[in-house]
Structure formats: C-alpha cells, structure tokens
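# An overview of the molecular structure
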Number of protein chains: 2
Amino acid sequence: MVKKIKTMDGNEAAAYVSYAFTDVAAIYPITPSSPMAEMVDLWSAQGKKNLFGQQVRVTEMQSEAGASGTVHGSLQGGALTTTYTASQGLLLMIPNMYKISGEFLPGVFHVSARVVATHALSIFGEHSDVMATRQTGFAILASSSVQEVMDLAGIAHLSAIKSRIPFLHFFDGFRTSHEINKVEVIDYDVFDQLLDYEAVKEFRNRSLNPDRPVLRGTAQNPDLYFQQRESGNRFYEKVPDIVAEYMKKISETTGREYKPFTYHGANDAEHITVAMASGCNVVEEVVDYLLNKGEKVGMIKVHLYRPFSAKYFFNVFPETVKKITVLDRTKEPGSLGEPLYEDVKTLFYDQEKQPVIIGGRYGLGQKDVRPSQILSVFNNLKIDNPKNHFTIGIVDDLTDTSLPEEDIVDTSPAGTISCRLWGLGSDGTVGANKMAIKIIGDKTDLYAQGYFSYDSKKSGGTTISHLRFGDKPIKSSYLVYDADYVACHNKSYVYHYDLLTGLKENGTFVLNCPWSPEELDEKLPASIKRFIADQNIDLYIIDAVSVAREVGLNNRINMVMQTVFFKLTDVIPVDDAVKYLKEFIDKTYGKKGQKIVDMNYQAVDKALEKLVRIDVPEHWKNAEDKEEDYPVKDEPEFMTRIKRPAARREGDELPVSVFKGMEDGTFPLGTTAYEKRGIAVMVPQWQTENCIQCNQCSYICP
Amino acid sequence: MVKKIKTMDGNEAAAYVSYAFTDVAAIYPITPSSPMAEMVDLWSAQGKKNLFGQQVRVTEMQSEAGASGTVHGSLQGGALTTTYTASQGLLLMIPNMYKISGEFLPGVFHVSARVVATHALSIFGEHSDVMATRQTGFAILASSSVQEVMDLAGIAHLSAIKSRIPFLHFFDGFRTSHEINKVEVIDYDVFDQLLDYEAVKEFRNRSLNPDRPVLRGTAQNPDLYFQQRESGNRFYEKVPDIVAEYMKKISETTGREYKPFTYHGANDAEHITVAMASGCNVVEEVVDYLLNKGEKVGMIKVHLYRPFSAKYFFNVFPETVKKITVLDRTKEPGSLGEPLYEDVKTLFYDQEKQPVIIGGRYGLGQKDVRPSQILSVFNNLKIDNPKNHFTIGIVDDLTDTSLPEEDIVDTSPAGTISCRLWGLGSDGTVGANKMAIKIIGDKTDLYAQGYFSYDSKKSGGTTISHLRFGDKPIKSSYLVYDADYVACHNKSYVYHYDLLTGLKENGTFVLNCPWSPEELDEKLPASIKRFIADQNIDLYIIDAVSVAREVGLNNRINMVMQTVFFKLTDVIPVDDAVKYLKEFIDKTYGKKGQKIVDMNYQAVDKALEKLVRIDVPEHWKNAEDKEEDYPVKDEPEFMTRIKRPAARREGDELPVSVFKGMEDGTFPLGTTAYEKRGIAVMVPQWQTENCIQCNQCSYICP
C-alpha cells in the first residue's frame, strides 16, 4: 500500500479516524477538544462519507451533560455515536458514562486530556479528567503522539464495536492535540477490512425500535440488581484480547508495533519507568540516551489502561527489573498514591519477585516534561531509598517532594534542527510557522514537528513557536530548549525575556527591529550582547515592519519572517522554499484577489533583500549592564516574587514556597498597573496643537 | 452529663448534627438523602438556631449541579455551607468538588450512599457514588450506623473547619439513612466546646468581600499551576491528626471509641476483614461469633477513608495477621480490583511482612449483607488459595465469582426479639411500626431497630418491616431472617410469599384475614399449614378490616395490628403498651378532633377482643399440596425464570445466569398481563341490573 503522509495535529488525526466509524457525533465544544468536533462538522457539511457511506450527523447540545445524554440515547437508537471532550466537559458526562457502559453500548469518547480546575482553571494538558472516569466501566486507551492517535483511535472504535464496551481514547491536551507532526495516514479501506460488520449489525438489531419493543433502563430492587450487574463480567474479560488482536493487525499494516502495554529498553533492564501518553516520548528518548551510555534501563508504555490486563503487562515486563517508577500526570490529594501507581503496586503485590515501586507526579497543568526531569527519575532509582511520591519539573521547597533536576541534555535524534520563534499573538507568527511545517512536511522527506505556546492573553500575548525538523520521526514531546535557531518577532522582547537561553553555540538569532546595525550596540541589553559574542551566534536583523508596510501589508510581518526563517535555517534550499511559499500564497490568498497575492510575493522577495547580517563586535563580550536596564522599583511583594518573574517567562523557575499563604488560589488585585510591555509597533505622540482632549489617544488619534 | 436518648434514623442524625455547623444549606432532593435537607428546612422554618445563634438559610437549586455551585459560592462568601445528596446527585457535584477542595473551603457533604445507575437504576445503598469522588481532594469519612452518624457527622464539620479541607461524610443509603434506631444524642453544647472558633473567624475573614478585594479562580498557565497545586500538601498532611484528635474528644464525651481506623477482634488475630459503613456491623457480629468459637479473627473498620493514613492503620493493625479480606461495596469493571482493596494492597506493598490480601464485592444494589455471607468470607481465608475478587450474597454461575454462602446463623445479641411484618404499601403498617419503635425506644430502657423494605410499587406494593428489640444496642445491619414474630397484614400474601421462612420454632404468626378459624384449614396453603404444625408455631388470626370498619376507620388497620403486635410480642407489658399507644393517638390525631381519637381508641380496645388464638390441628403436619395451589401456566420464559420468583420475593435466590443475554438491562415488555396479586380488601361484584356500563367498576361503582 502506498503510504499517505500528511502533516496534522492530534485533534485532526482523531477526528479523521473517528469520522469513519461514526453515525452520530453529539458534541459540545471545550478546549482543547473543540477542533475535533469542528472538523467532523465541517467534513460532514462537505459531504465526506463514513464507512457506511453516510455523512456524520453532528448534533451540538447545550452542554456536555446534554451531549453525553445524546450519546447514550443515540446509541440506544442503534447509531454508532462519538463525542469529543475534555476536563469539566468530561466530568459532566460521568453519570451517562455509567449508563453507557452498564448497557454495553459501543460509544467512543475522544478526549484531549486537560486539567480539572482546582485552585485555578487551566486549559492545559493533564490526566485528572480521564482519571476521574476510571471507575465508570469504560475501557480507556492512551495515545502518546499524533501518529499514535492516528494508529490507535481506530482501535477504540473497532474494539468497542466488537466487545460492546464503550471506549475512552485520550491523548494529552495541547501537547498532542495541538502539536503538528508529520504522520502516516491510515486509509479508510484498512478500517473497512478490520471492522466487524456482523457486530455492527447485531448492535443495530439490539436498538430500541417500536417494531421489536423491549424495556431498558428499569429501576431495580436489591433482589435482582447485584446478579444482573455481575452478568456482564464476560464482556470485560474479552476486551484485552480484542484490543491486542486489533493492535496486531494495525501493527502489521503500519509497521509500528502496538500492544496493550509496550516495552522499550534493555532486555535485561533493572530500572524501568511506567507511564502513559505524551510523557512516554520523553521517557523513550531518555531511555535511548541511557542505553547508549550502557545503562540497564527501560520503559513500559501503557496503551490500554482499562481494563488493566495483568497478562499483557507481564507479557512484556522483563524479569530482570528490580526497581520501577510509575509516573502519574494527576494529583489525588489524600490518596496513598496516584492511580497508575496504585494499579502497578496492586499488580505486583502477589508476584513472587517484588520490585521496588516508586511513584511520582509530573507535568501537572502541562508543566513541560523535559529529558532532564526524566533523567532525575532514573537517577532517583539508583539511590538506596529512592524518594517516593516525588514531583519533577518544579522545586518543592515546602514539602520537599521534588527531585533535583539534572542538567539539560539533548536527547532528540542527531541531526534534528530545533527552532524557537518569539511572536506576538495575532502577528501571524504561529500561522506562518504552521505553514512552514506543512511545506517541509508535505513537500520533502523530512519529518517536522510544531508546538505553539500561547499565554492566556491570546491576541497581544506572547507566542513561542517550537519547531523541529529532521530525518527521523520526531517524538520530542517537550518544548525546544536546545535551539539551532531563535527568532524574535518583536523588538520589545529583548528587554523582557531571556530570549537566548538554550540557543546552541554557533546558532542563529534573528531579530525583527527598526534599528540600524549601528544602533544595536546601544539598544540591545548587555546580557544579550554578551551571549551573542560568547556563544559565537550568527546575528541577523530585519526591519520586517517596514518591509510589510512598503509592500502594503501594514503590520502583517509573518510572510517576511517566514522567508527569513527559510533563508537562515536552510532546512530546505531557499529557492525551493520561495517556490513553495509562493504556491502557498496562491492557495491561501488567491481568493482575495491578485493584489493581495502580489503584496505577499513582494514581501517574500523583499525579505531576502532586507535581511542584514551583523558583524558582532568583539567588545560585546565585555558588555556591562547599565543601571537603567534594571530599574529598582518599589513594588508589592507579589509583583517582585511572582508577577515579574512570570512576566519574564520565568514562572517555571518559581519554587512552591512563593505560593505559601496563597494555596487556595488567591491573588492580589490591581497588578495590571505594574504591567508595561511596550509591545506596540507604533506609539502615537502628543501633538499639543492638534489635541482635542478626546482621551482616546492610542485608539483613534491620527 | 445527662444522656439524651432518642429514636431516629440516620438521616435525622446527620441533619441534626449538621444543623449546628451550617450557615447555608444548598440543596437539591434525591433519594435517599432528601429527608436530611427537608428536616433542616423544617427546623429552620421553626426557628431552630445553629451554633452561631442563627437559623440555617436553606436554598434549593434547580439541580445538584446548581446546589454544588451554590455551596462553592456560599463558602467563598464566608458562610459555612452544607449539602445533602447521593448517587447521580453527587456525580453532578464533582466539578465543583475539585474547586471547593482546590480552594481549601470547609464545606461538608452528607451523603446517603446509593447506587450509581448502570444497567438499571437503583435507589438503594452502595458506595459507587462516593467512590466516584475519591479523587476530588475531599476528605471522606464513613459511618456504619445511626449512632455513628450522630457521633461522626460533627467530626466532619469540626475537622473541615480546622483543616480547611472539605469533608464528605457518608453512610449507607436506606440501610442507615432510613433505619430507625435508638441513639444517644450529642448536645450542641459539646460541639460548641469543640469548635475552633478562631478557625471559623479566619475562614470568614478569607471570604470574598469588596472591603478587602482579592482575585480567586484565576486561569493559570503551565508556568505556575503545578507549583501552586503542590503548595497545599501541608493541609492534607494535617487532616488525619485533626480527625483523630476530634475523635478522641468525641470518644471521651460519648464513651464510644472512635479512631480513623478501629480494630475489633482478637489481639492475636490471623484473619481479618477490612470494610466501611454498615457492612461493618455484620462483620462485627460474625467476628464476635467466631471469637466465641475460639477463632483468631478480627476486623478493621475504616472511618477516615481519605486522606488514607498509613500511620493510623498500622496503629491498630495486629502484627499477627496473616490474611486479610477487603470488602468493597462497589464494582469498577476493568480495574485490577475495587478501590479499598487497591488501597490496602498499596499500603502493604512496602511492608516487611506481607499478609495475603483478598478482595471481594458485597451488597451491590443493597443486596442484604447477612452474617452467613460474612462467615463465608472468613471461611474463604481458611483455604490455601482463597478466592480473590469474589462476590457474596449471590450465586454467580456465569463467571464463578461467588463464595458459597454458609448456613444462616443468628449472631445478634442473645435476648434480641426479632419481628417481621408484611404489609401493603399505604395500609399504615410501616407508620405503625415506626410508632412501636418510638414507643419502645423512648419509653423504656430497651434498644430498638426498625428497617423497612419497600418495593418500587410504593403505595400498593409489599412492605416488610424488620424490627428488633433488646437489652443491648442493636447493630444488626441486615434484614430479619430469624424471626420470633411474623405478622401478615394482607391475606393474599399467604398464596404469594414464603411468609414463614426464618420464623423460629415456637415463634408467633398472626394473620389478618376475614376467615373464621374453621375456614383456615381450607384457605391456607399446605406449605404454611405444615410449617406451623411442624415448628410448633403459635398461630393467631384477626379480622382487622372488620374491626377497623366497625369503629369507622375504613381500611386503616394499622392501629389494630399495632395493638396485636404489642399483645403478642410481649416486648413490654401490654397494659403499658395500650397506655403509650393511646398517648400516641392523642398526640398524632388530637388535632383532627376527638372523633378520630375515639375511633383509634376503640380500634385498640377492639383489637384485643377480636384476636383469636388458633389450636393448630394435628393433621396440618400432613397437609398435602393441592394441584390448584400451583397451577401450571403457559408463560414466557422470562416470567417463569425471573418475574415469578421475583414476585414471590425470591429474587435474591436467582443466580447470575438467568440474566445471560440481558446483561445490558433489557427486559421484555407486556409482563403486567401476567401479574395478578389479589391484594384488594374488597372486590366489586357485577350487578347486571344496576350496571350502566361506565367501565369504571373498581374505581367508582357503589
């Protein structure tokens, strides 16, 4: 079979697969799951057909509670029904989940796992939502990457239909749902061959139908309830084998091996880590890194979390293992340990050889999980009494749970090019970077990955695009710390952020600014100058705003900076890049008229002209901080201890103790008064003779 | 302090205690929790004061989702807030529970634990609802009996206020919430002395208030969320000590000893059971029974389930234990075991001496948990490879999970008088029995217990009242199997039900029927006649309907049968009983006028006159079943296999396999056609000459 390659995010992969198996999608949008339902809705409107030759019927309800009720009712009506949700949305579905599983209905939930709000709301990735449903009787399947979403989403549908057990298929919110990666697409023909059409027919025949009326949803008394509740055990017993069988078939088709639990590492491993979803990719990189150093390590990736199959776990578990760390991406205060940890301990309790089992929490609120943290997890196992119930990724100086983080190591495959681009929300940086990835992913043999960090300010906030390109599939499910290329699309950032940390020696830095090469010495802070000189950084500047204005694009600098990106990173020959960029311009702006297309063409051409390479003066090595770079202000403690570091994007470094007294999520008010970001590209000047004192200076003044 | 004794059910005990600590009750009614909120509402309307000298403000919302949102908001407003719920109602509160715990707000939920609907709805007791909230960060406290509800409900409020962690306090729906028992009431003065008023003041000072504005409920990014989430660990660490300290003080006050985990049994026990809530009482009786037989057994009762404190568990755990059975009253399909079982295995994993740990499910859908089942649990531990993941109380002939049930043994304290009264829903039997318990409980030194089994037909359905009386506190949290006294208030039951099974030798049976003593031989089925003769039963009949009609009470036979009950059981001297009954009549019917009071007086007096003792004929021993007693009908398999046994109230005996093919809760329709209960006291006869063919014969025909 010809491999079909496409660049997409996790949500698109799940939506694409689920569409094939879905008669009805009952939905209610919630971040970060909304794009799945939106795509299914769009494709349905476009006439796309599922495996049964029909368009998916999409029904949006008034809340997730209604959506799950519709899933339940629609399944009882004999329609294969799917929903997409996350976080509190999933919680609202819990009552119906018991009904759906209790009635053995093959519904499928695709969940972009997200934090359940506690002291604060967070829209980011975590498993607290999925873990709140582990007792509902749903089967739970986890995917670690966009490719796995593509490969396993179908397993959820196929197995649900064959086993009559509903499936919850999840992957990490944002980290996987919004990561763009180059994946191999599974053709609907494959699903068509795997689907048990006989089971579909039986499912439809069981539906509530006035032609063959039956009673369901009775109220039962103590005399019968327990017996009937136990009568379905056999269905659950079969699930692991059904899933394993489909995984085998998908493995044969794709060449990527899947099992309910997969093992990766040394055959004689002594220390292993057990984890689920995107964190596994980081663990895998670290395992490979340690294997290269000759360490006896390994990992078990949990795909089928419920039913939890001891058989399939021990099928892959190396008997040589002496110590295990179980990583949970959730926190259950008051428990003896997080859920996967308790499961693994329960699993080994009756084993003859009992390894040491340690549990840890990671990545809560989508704290980035980087190899240096996982290194500390393996190092923890090396000591005699490994710390249990630890945390990684933070410094817990209140209750001492955290492991000391190791130095950052680059565990991504050799030859990977990593880029970090700083943009301003709505300046087009993210969109342009997505375009770059699609160009490289779709037009070349290279693999590509893009992840985009937004802050909650959205438009006007800071965006950081993390891009990787390379010859091998890119699984690094963490931000770019070791960059070959850093671009800054807004000059004010040089004063606010530590832009260059992690830029490799001899790396490239490009700055969009209106400054002349001569002005740089004066404008750039000493720390940046020293870094550039010390690390032998290739420094470029471009006045992208002027270029954009010249060609008539106003402040839209994305095409300019995109061209610069292709020119400087040299991921593909720049001439090819220009050709592809212009194709994209045709495709994207063609509908808006030739004028717009031409403006963008010119932006591309001018960008190449206007890019300036700077000869870094020798004396930058000795640049000294000026007093005024760090003016000392009289500010409340909250500002100096929390708000300022967070605004500098150094919030990750804040220790737990800064929140002492604020454990309940209390923040002081009035902090906006201290915020001055200086991000405006143009600032109006007061012309006294013209002023009519309307007080709308920045908004309307000519 | 003078002991204040009162007869009440678990709901009233929880409502009484919670009222003291509550500023605002945000509620939405759901069975079996509704009476708690109703009582608080009533008392508030009556002007009852809480510890702060105010009436509770009761707010009923549009659903439990709204109620929990109100709890959250009200707590943020500085009001100590309480709610009462169960089952799906509790599930709707889950999203707010994360917020309430995340913001360290001392709310308290009193939960009458009930089945979460799966293949069928059930209004009865189970822990599936509570277990669905164990990850929310709430502390969870369990009570086993009405007295424990009285003693521990306050611990929940006191500890929540002191620790800032919200508490969920639960007890078994119906089994405890609706069991009437004689309890020692804790005076509000005691709570007043124990309450940490300083903590209350701090709580109120933390509230959202425009005079000291703060920001709460922020949206956080990955940079800060994890650290702040971990900053509250210290609050959780303190909870077990706080609870233990309050338990110590309540123990001192009440003389009943409470700890986070309590141990009961031999100091050198080898086999123990771990359980929560009302099932513990049955285990306790069986432990005492086995201790008397010299066996080395014991039990650990879990009071504080979350935070789960290893320290307090091992404080009471005897080191001699070799095998443990953990009983869970919930089912989590697809897990490695039910939650308490996983917790206990996790707890022991790192211990040097690892006992065998076995898990079992019991009492789902409030399947009655009787001593014979618990005996089988202890017997299971005696074999070399005890069955794990077992069930008790059912026969699982599909997946072989069930333990064989032992013979019924009477483990209740010697001298306990047990009674079973069969009534017809709305005939007043249940109300009259509650009156009897209150009379005996409040007027004498005897302890009393009443539990009332309804079927879902409610009015017109069958009610069975299970009453116990004795010198010692009555903890038997199960139905009456070994009765001293059986009363049947509806003659048709003799044809439908196995009324006498479990009636002790020389016991008493009284039947309300219009038959003369001479007619009995003809009317009574052979099986009943044989049982009466063989077991030397004291047989009485009374035509209670005639008595009631004679005195003008129509079909209301409750006062007649109540009098008979006191006469025949001899729990208290009958003259005293008559006096108390008449006092109750004054109190209950006084408002309705002297005529009604007099009618009831007469009913009491006439009942004593009209009661007839039957000399049981010797030949009843050889009574033979007549063909027509068991007419063979051509009925669908569902009728013969499930409906008929269930209608005979033998549904408990049905094995799991009868539900094969119906695992999803599917029942056939049209079964009412086969139901003929013959419960009407009067049946209209067709008088052709008068008939106007209005077709409303039974409803209106004179």
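Residues numbered from 1 in each chain as written. Chains lettered and ligands numbered in written order. Predicted model: local features only at pLDDT ≥ 70, side-chain atom pairs only at ≥ 80, totals over all residues. Heavy atoms only, no water.

## Here we look at the overall build of chain A
For clarity, the threshold we go by: Comment: elements are numbered from the N terminus, with helices defined as DSSP H or I runs of at least four residues and strands as E runs of at least two. In this description the radius of gyration comes from C-alpha coordinates, and the expected globular size is given by 2.2 Å times residues to the power 0.38. Remark: exposure states derive from per-residue accessible area (1.4 Å probe, protein chains only) relative to the maximum for the residue type, with buried under 20%, exposed over 50%, and partly exposed in between. Shrake-Rupley sampling with a 1.4 Å probe provides the accessible areas, and residues are treated as covered by the protein chains on show and by no other component.
Along the backbone of chain A there are 25 helices and 22 strands. For chain A, the C-alpha radius of gyration of 27 Å lies close to 27 Å, the compact-globule estimate for 702 residues. In terms of overall dimensions, chain A has C-alpha extents of about 90 × 65 × 55 Å along its principal axes. Counting over 702 residues, chain A shows a buried share of 62%. Just so you have it, chain A exposes about 27,000 Å², and 49% of that area is on carbon and sulfur atoms.

## Description of the packing of aromatic side chains
For any pair of aromatic rings, geometry is given as the distance between the ring centres together with the angle between the planes. Note the cut-off: Ring geometry is summarised as follows: Phe, Tyr and Trp rings, the Trp one being its six-membered ring, pair when their centres sit within 6.5 Å, and such pairs are stacked at plane angles under 30 degrees, edge-to-face over 60 and tilted between the two. In this analysis the charged atom, NZ for Lys or CZ for Arg, is taken to sit over a ring once it is within 6 Å of the ring centre and within 35 degrees of the ring normal.
Scanning the entire structure with this criterion turns up 54 aromatic pairs over all chains. Taken together, the ring pairs connect A:F261, A:Y305, A:F308, A:F313, A:F314, A:F317 and A:F348 into an aromatic cluster. Directly above the ring of B:Y451 sits B:R175, whose terminal nitrogen or CZ lies 4.1 Å from the centroid. Here the basic side chain of B:K182 rests over the ring of B:Y447, its NZ or CZ set 5.4 Å away from the ring centre.

## Concerning helix α20 (residues 544-551) of chain B
All names here are of chain B. Quick reminder of the rule: Starting at the helix axis, one direction is taken to each C-beta atom, and the arc is that of these directions. Contacts were defined at the residue level, with two residues in contact if any of their heavy atoms lie within 4.5 Å.
Along α20, the positions that sit buried rather than exposed are A544, V545, V547, A548 and V551. Down the axis of α20, the smallest arc covering the buried residues is 165°, so these residues share one side. Summarising the contacts, the buried residues of α20 are in contact with β20 (503-512), β21 (538-542), α21 (558-569) and α23 (594-610). Positive phi appears at G552, one or two residues downstream of α20, with a value of about 100°.

## Concerning the relation of the copies chain B and chain A
Rule in force here: Alignment of the copies relies on least squares applied to C-alpha atoms, considering only residues that score at least 70 for pLDDT in both.
Each copy of the sequence occupies a distinct position, and chain B is placed on chain A by a rotation of 180° and an axial shift of 0.0 Å, giving an RMSD of 0.1 Å. Put plainly, the chains are arranged around a two-fold axis. Same-surface contact between copies: 100% of interface residues of chain B are shared with the interface of chain A.

## Some details on the interface of chain B and chain A
Threshold: When two parts are put together, the accessible area they lose, computed with a 1.4 Å probe and summed over both, is reported as buried area. Put simply, a salt bridge is a Lys or Arg side-chain nitrogen that is within 4 Å of an Asp or Glu carboxyl oxygen. Think of a polar contact as two N or O atoms within 3.5 Å of one another; within protein, one of them needs to be a possible hydrogen donor and the other a possible acceptor, and neighboring residues in sequence only count if both atoms come from side chains. Ten residue types, Ala, Val, Leu, Ile, Met, Phe, Trp, Tyr, Cys and Pro, are classed as nonpolar, four, Asp, Glu, Lys and Arg, as charged, and the remainder, Gly among them, as polar.
Chain B puts 107 residues into the contact, and the matching count from chain A is 107 residues. Around 9,900 Å² of area is buried between chain B and chain A when both sides are counted, 60% of it from carbon and sulfur atoms. If you sort the residues of chain B by the area they bury against chain A, B:Y225, B:F226 and B:Y349 come out on top, with a joint share of 8%. Across the salt bridge formed by A:R164 and B:D664, the nearest N and O atoms sit 3.3 Å from each other. Where chain B meets chain A, there are 49 residue pairs in polar contact (both at pLDDT 80 or more). Among the elements that make up the side of chain B that touches chain A, the one with the highest residue count is helix α14 (residues 339-349) of chain B (8 residues). Classifying every residue of the side of chain B that touches chain A by side-chain character gives 48 nonpolar, 32 polar and 27 charged.

## So, unusual backbone geometry
Leaving glycine aside, a negative phi is the common case for residues, and trans is the common case for peptide bonds. Look at the link from B:T31 to B:P32: it is a cis peptide, with omega at -5°. For B:P32, the position within the fold is in the loop between β2 (24-27) and α2 (34-46). Here the amide bond leading from B:R306 into B:P307 is cis, since omega sits at -10°, within 30 degrees of zero. Here B:P307 shows up in the loop between β12 (304-306) and α13 (310-316). Positive phi is not limited to glycine here, since A:F174 has a value of about 60°. Counting through the fold element by element, A:F174 comes out in the loop between β7 (167-172) and β8 (180-185). In this structure A:F174 comes out as buried when scored by relative accessible area, which is 8%.

## Some words on the sheet that holds strand β14 (residues 356-361) of chain A
All names here are of chain A. Test applied: Criterion used throughout: strands pair if DSSP finds at least two bridges between them. Think of each axis as a best-fit line through the C-alpha atoms, taken over the contacting stretch in the case of a helix, with angles from 0 to 180 degrees between the N-to-C directions.
If you walk across this open sheet you meet the 6 strands as β9-β11-β10-β13-β14-β15, and the pairing is mixed. Across the chains shown, the open sheet's two edge strands, defined by having one partner strand only, are β9 (261-265) and β15 (390-391). Bridge analysis of strand β10 (residues 271-276) against strand β11 (residues 297-302) gives 6 bridges, and the strand direction is parallel. Considered in β11, the bridge of M276 is made with V302. The strands that helix α12 (residues 279-292) touches are β9, β10, β11 and β13 (323-328); relative to β11, the one it contacts most, it runs at about 160°.

## A look at the sheet that holds strand β18 (residues 462-470) of chain A
The strands making up a sheet associate through hydrogen bonds between their backbones, and the pairing can be parallel or antiparallel. All names here are of chain A. Pairing in this open sheet of 9 strands is mixed, and the strands run β1-β8-β17-β18-β16-β19-β20-β21-β22 from one edge to the other. In this open sheet, the two strands that pair with only one neighbour each are β1 (4-9) and β22 (612-614). Between one strand axis and the next, the sheet turns by 25° as a mean value, whatever way the strands run. Inspection of the sheet shows strand β21 (residues 538-542) paired to β22 by 3 bridges, in the antiparallel sense. Note that in β22 the partner of L539 across the bridge is I614.

## Quick look at the environment of A:T70
Residues and elements named next belong to chain A. Counting through the fold element by element, T70 comes out in helix α3 (residues 64-76). Taking C-alpha positions, T70 is 62 Å from I614, a pair spaced 544 residues apart along the chain. For T70, the residues in contact, after removing those within four places along its chain, are A26 and M61.

## With respect to the packing of helix α21 (residues 558-569) of chain A against helix α23 (residues 594-610) of chain A
Residue and element names in this part refer to chain A. So the rule is basically this: Oblique is the label for any angle not covered by the other classes, which are roughly parallel (under 35 degrees), roughly antiparallel (over 145) and roughly perpendicular (65 to 115). Whether a crossing is left-handed or right-handed is set by the direction in which the near helix is turned from the far one by less than a right angle, anticlockwise for left-handed and clockwise for right-handed.
With their axes 8 Å apart at the nearest point, α21 and α23 run at an angle of 45° to one another. Considering the angle they form, α21 stands oblique to α23. The hand of the α21/α23 crossing is right-handed. Two secondary-structure elements touch here, α21 through M559, V560, T563, V564 and K567 and α23 through N600, A603, V604, A607 and L608. In the contact of α21 with α23, the residues fall into 7 nonpolar, 2 polar and 1 charged.

## Concerning the pairing of strand β17 (residues 447-454) of chain B
On any regular strand, side chains alternate: one points to one face of the sheet, the next to the other face. All names here are of chain B. Where burial is concerned, most of β17 is hidden: 6 out of the 8 residues are buried. Sheet topology places strand β8 (residues 180-185) next to β17; 2 bridges connect them, and they run antiparallel. Residue pairing across strands places I180 opposite G450, the latter belonging to β17. Across 8 bridges, the pairing between β17 and strand β18 (residues 462-470) is antiparallel.

## Some words on the environment of A:N221
All names here are of chain A. Mapping N221 onto the fold places it in the loop between α9 (197-205) and α10 (225-230). According to the relative accessible area criterion, N221 is buried, its value standing at 17%. C-alpha separation for the pair N221 and T22, spaced 199 residues apart in sequence, amounts to 36 Å.

## Some remarks on helix α5 (residues 94-102) of chain B
Across the 9 residues that make up α5(B), a large majority, 9, are buried. At the C-terminal side of α5(B), B:F104 shows a positive phi close to 55°.

## Considerations on the pairing of β10(A)
All names here are of chain A. Rules: A crossover counts as right-handed when, viewed with the strands pointing away from the observer, the path leading from the first strand over the helix to the second turns clockwise.
Along β10, 6 of the 6 residues are buried, which leaves the element largely enclosed by surrounding structure. Across the two faces of β10 the burial is the same, with H271, T273 and A275 and I272, V274 and M276 all buried. Handedness of the β10-α12-β11 crossover: right-handed. Across 4 bridges, the pairing between β10 and β13 is parallel. Residue pairing across strands places V274 opposite V326, the latter belonging to β13.

## Quick notes on the environment of B:Y540
All names here are of chain B. Topologically, Y540 is positioned in strand β21. Owing to a relative accessible area of 13%, Y540 belongs among the buried residues under this scheme. Residues Y540 and K49, spaced 491 residues apart in sequence, show a C-alpha to C-alpha distance of 50 Å. Contact partners of Y540, with chain neighbours within four places excluded, come to T508, F509, V510, L511, L568, L611, V612 and R613.

## Observations regarding the pattern of salt bridges
Residue and element names in this part refer to chain A. Taken as a whole and judged by the stated rule, the model has 86 salt bridges over all chains. The partner of D241 in a salt bridge is K311, with the nearest N and O atoms 2.7 Å apart. With D241 in helix α11 (residues 233-254) and K311 in helix α13 (residues 310-316), this residue pair connects regions lying 70 residues apart in the sequence. For D241, a relative accessible area of 38% puts it in the partly exposed group. The partly exposed category is assigned to K311, whose relative accessible area is 47%. The residue D521 makes a salt bridge to K529 at a minimum N-O spacing of 3.1 Å. Linked by salt bridges that have partners in common, K3, D151, E184 and R256 make up one network.

## Concerning the packing of α12(A) against helix α15 (residues 371-382) of chain A
Think of two packed helices as two axes; the pair is described by the angle between the axes and how far apart they sit. All names here are of chain A. Between α12 and α15, whose axes approach to 9 Å, the crossing angle comes to 65°. Note that α12 runs across α15; the crossing there is right-handed. Between α12 and α15, the contacting residues are V282, V283, E285, V286, V287, Y289 and L290 on the first element and P371, I374, L375 and F378 on the second.

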